[in-house]
Amino acid sequence: MPEMPEVQGLVAFLAERVVGRTITRTSVGAIAALKTYDPPNTALHDAEITAATRLGKFIILSCGDDLHLVFHLAKAGWLRWYELLPTTLIKPGKSPIALRVALDDDSGFDLTEAGTKKSLAVYVVRDPHAVPGIARLGPDPLMSSFDRAAFAALLEGRRTQIKGVLRDQSVIAGIGNAYSDEILHAARMSPYAIAASLDDDEVDRLFTAMRATLTDALAAASGKPPADLKDAKRSGFQVHARRGEACPVCGDTVRSVFFADRSLEYCPTCQTGGKVLADRRLSRLLK
């Protein structure tokens, strides 16, 4: 799933290429991906793109103040850029393309989604905050006002596992499964630690790890075209998607816990005092 660093990388790429360009055509390849009907997607035709921005994991292409193309790539979506957009017709239901956007210099992009479980979402709105997922977003973890005190206040009273807190977009916007694994490894913290039970030292470590992990990931994504962003993301991982490999910090074997639609990765030595987490959703540390 694209997370905040990769989404910001896409936004920076698009800002250089689409701002000032006019949308000549939009073609919907997956009707279910289009979540709005007023304004229609055709309202974008002949509209000039004036800004490319991000809120959480949402990308916003603005055409003035009152028309916006908003999309969320979900778990298996991506953006495919073309300097010369193909002219082949998109057959709905017969292609991984959910949306094609053509620009006035013959460039453009496709929003694609792999797999059978379709979650990619596209909105055409007058106000981005009308999108339900945006309306409920928590603070961006790298915004200047989100300091250690604000972070601690969010954790206070939350009797839930810290892994889930980091992934909850209504608490903190932009962090998903991969970077929550990386942040917790850097903080030397179990994914099952209860947020409200963290002491001051643990909150310090977690906040520092979150800032450092995301800042480094943003730097790795900076200047990369969409085709290279996924590899740049994977290359920086210490534990996520590295089950069975040696932890680069201590040399222990990276372990996984599998859930219905995802897994988490962690290092027992670095994060759980050498104990292995049982492989079930409500697992506790094995005694």
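This text goes with the structure placed above it.
Residues numbered from 1 in each chain as written. Predicted model: local features only at pLDDT ≥ 70, side-chain atom pairs only at ≥ 80, totals over all residues. Heavy atoms only, no water.

## So, the packing of aromatic side chains
- Summed over all chains, the structure comprises five aromatic pairs.
- With centroids separated by 5.6 Å and ring planes inclined at 80 degrees, the aromatic side chains of F13 and W81 adopt a geometry described as edge-to-face. Note that F13 is positioned in helix α1 (residues 4-18) and W81 in strand β5 (residues 77-82), a separation of 68 residues in sequence.
- Judged by its relative accessible area of 8%, F13 is buried. (Phe/Tyr/Trp six-rings, centres within 6.5 Å; stacked < 30°, edge-to-face > 60°. Helix = DSSP H or I, 4+ residues; strand = E, 2+ residues; numbered from the N terminus. Buried < 20%, exposed > 50% of the residue type's maximum accessible area, 1.4 Å probe, protein only.)

## Considerations on the sheet that holds strand β6 (residues 97-103)
- Strand order in the open sheet formed by four strands is β1-β6-β7-β5, and the pairing between neighbours is antiparallel. Here the strands that pair on one side only, and so sit at the sheet edges, are β1 (23-28) and β5. In this sheet, neighbouring strand axes are inclined to one another by 15 degrees on average, regardless of whether the strands run parallel or antiparallel.
- Two elements, β6 and strand β7 (residues 108-113), share five bridges in a ladder whose sense is antiparallel. Considered in β7, the bridge of I97 is made with T112.
- Packed on one face of the sheet, α1 meets β5, β6 and β7 and runs near 25 degrees to β5. (Pairing = 2+ DSSP bridges. Axes fitted to C-alpha atoms, helices over the stretch in contact; angles between N-to-C directions. Contact = heavy atoms within 4.5 Å.)

## Brief notes about the packing of α1 against helix α7 (residues 226-235)
- The N-to-C vectors of α1 and α7 enclose an angle of 155 degrees; their axes lie 10 Å apart at closest approach. On the basis of the axis angle, α1 is roughly antiparallel to α7. Once α1 is placed against α7, the crossing between them reads as right-handed. Contacts from E6, G9, L10 and F13 of α1 reach α7 at P226, L229 and K233.
- Taken together, the residues that form the contact of α1 with α7 break down as four nonpolar, one polar and two charged. (Parallel < 35°, antiparallel > 145°, perpendicular 65-115°, else oblique. Left-handed = near helix turned anticlockwise from the far one by under 90°. Nonpolar A, V, L, I, M, F, W, Y, C, P; charged D, E, K, R; others polar.)

## As for helix α6 (residues 200-221)
- Compared with the 32 Å implied by 1.5 Å per residue over 22 residues, the 32 Å span of α6 between its first and last C-alpha is a close match.
- Of all the residues in α6, the buried ones are V203, L206, F207, A209, M210, T213, L214, A217 and A221. In a view along the axis of α6, the buried residues occupy a sector of 165 degrees, so they form one face of it. Exposed side of α6, more than 90 degrees from the buried face: D200, T208, D216 and A219 are the residues found there.
- As for α6, its buried residues are in contact with α1, α3 (148-155), α4 (162-167), α5 (177-186) and α7.
- Of the residues that open α6, the one with a side-chain oxygen 3.2 Å from the backbone nitrogen of D201 is D199. (Expected span 1.5 Å × (residues − 1). Arc of directions from axis to C-beta. Polar contact = N/O pair within 3.5 Å; in protein donor to acceptor, adjacent residues only side chain to side chain.)

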